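Structural description and commentary
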Amino acid sequence: MEIFGDRWSLLIIRDIVFAGKKTYGEFLKSEEGIATNVLASRLAFLEAQGILSKAPSPDDRRKDFYTLTEKGLDLIPIVLTIVLWSAKYDSKSYVRHSKGLVDRLSRSPSEVNEELKALVRHGGCIFPEMKE
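The notes below deal with the structure included here.

Cut-off values and rules
Residues numbered from 1 in each chain as written. Predicted model: local features only at pLDDT ≥ 70, side-chain atom pairs only at ≥ 80, totals over all residues. Heavy atoms only, no water. Helix = DSSP H or I, 4+ residues; strand = E, 2+ residues; numbered from the N terminus. Expected span 1.5 Å × (residues − 1). Buried < 20%, exposed > 50% of the residue type's maximum accessible area, 1.4 Å probe, protein only. Arc of directions from axis to C-beta. Contact = heavy atoms within 4.5 Å. Salt bridge = Lys/Arg side-chain N within 4 Å of Asp/Glu carboxyl O. Axes fitted to C-alpha atoms, helices over the stretch in contact; angles between N-to-C directions. Parallel < 35°, antiparallel > 145°, perpendicular 65-115°, else oblique. Left-handed = near helix turned anticlockwise from the far one by under 90°. Nonpolar A, V, L, I, M, F, W, Y, C, P; charged D, E, K, R; others polar.

A few points about helix 5 (residues 76–89)
- Its 14 residues give helix 5 an end-to-end C-alpha distance of 20 Å, which sits within 8% of 20 Å, the value for a rise of 1.5 Å per residue.
- Residues of helix 5 that are buried: Ile-76, Val-79, Leu-80, Val-83, Ser-86 and Ala-87. The arc enclosing the buried residues of helix 5, seen along the axis, measures out at 115°, which places them on a common side. In helix 5, the exposed positions that point more than 90 degrees away from the buried face belong to Thr-81, Trp-85, Lys-88 and Tyr-89.
- Of the surrounding secondary structure, the elements contacted by the buried residues of helix 5 are helix 1 (7–19), helix 4 (70–73), helix 6 (99–107) and helix 7 (109–121).

Structural data, given as structure tokens:
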């Protein structure tokens, strides 16, 4: 729980998996309003723990891209379990609007998990429209 159990770490992981966010600036724009010092600290901590890797952007060497490592990808089933709980109990959950995903996840979580891992591993995400 010390590695990924705080609010900000889970939100960073969520933003990578669901919205495809990759840069410090994109994480900073999340509606939860993370402070710059907290974001920098959490990104560095997750990188030190082997959850994230950081590499310079191929287009702009001044920007770094953060991606989930294999260790980080193995957290996706936990995130998906939270998604199912959210769809069931949180009336504000954006996942409720994606009934197909919730149904598939309820029926075959391991299949969805593997598909999502492959998608994120190759730079994709579930809801690319959420990136903004």
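Considering the pattern of salt bridges
- Per the stated rule, a full pass over the model turns up nine salt bridges.
- In this structure, Asp-60 engages Arg-62 in a salt bridge whose closest nitrogen and oxygen atoms are separated by 3.0 Å.
- Among the ionic pairs, Glu-115 bridges to Arg-104, the shortest N-O distance being 2.9 Å. Pair noted here: Glu-115 is in helix 7 and Arg-104 is in helix 6, with a separation of eleven residues, a long-range link.
- Put simply, Arg-14, Asp-15, Lys-21 and Glu-32 are held in one network by salt bridges that share partners.

Here's the deal with the packing of helix 5 against helix 7
- Two elements in contact, helix 5 and helix 7, have axes whose closest approach is 10 Å; the angle formed by their N-to-C orientations is 120°. Here helix 5 lies oblique to helix 7, going by the angle between them. Crossing handedness for the pair helix 5 and helix 7: right-handed. On the side of helix 5, the interface is formed by Ile-76, Pro-77 and Leu-80, while helix 7 contributes Val-112, Asn-113, Leu-116, Lys-117 and Val-120.
- Taken together, the residues of the contact of helix 5 with helix 7 sort by class into six nonpolar, one polar and one charged.

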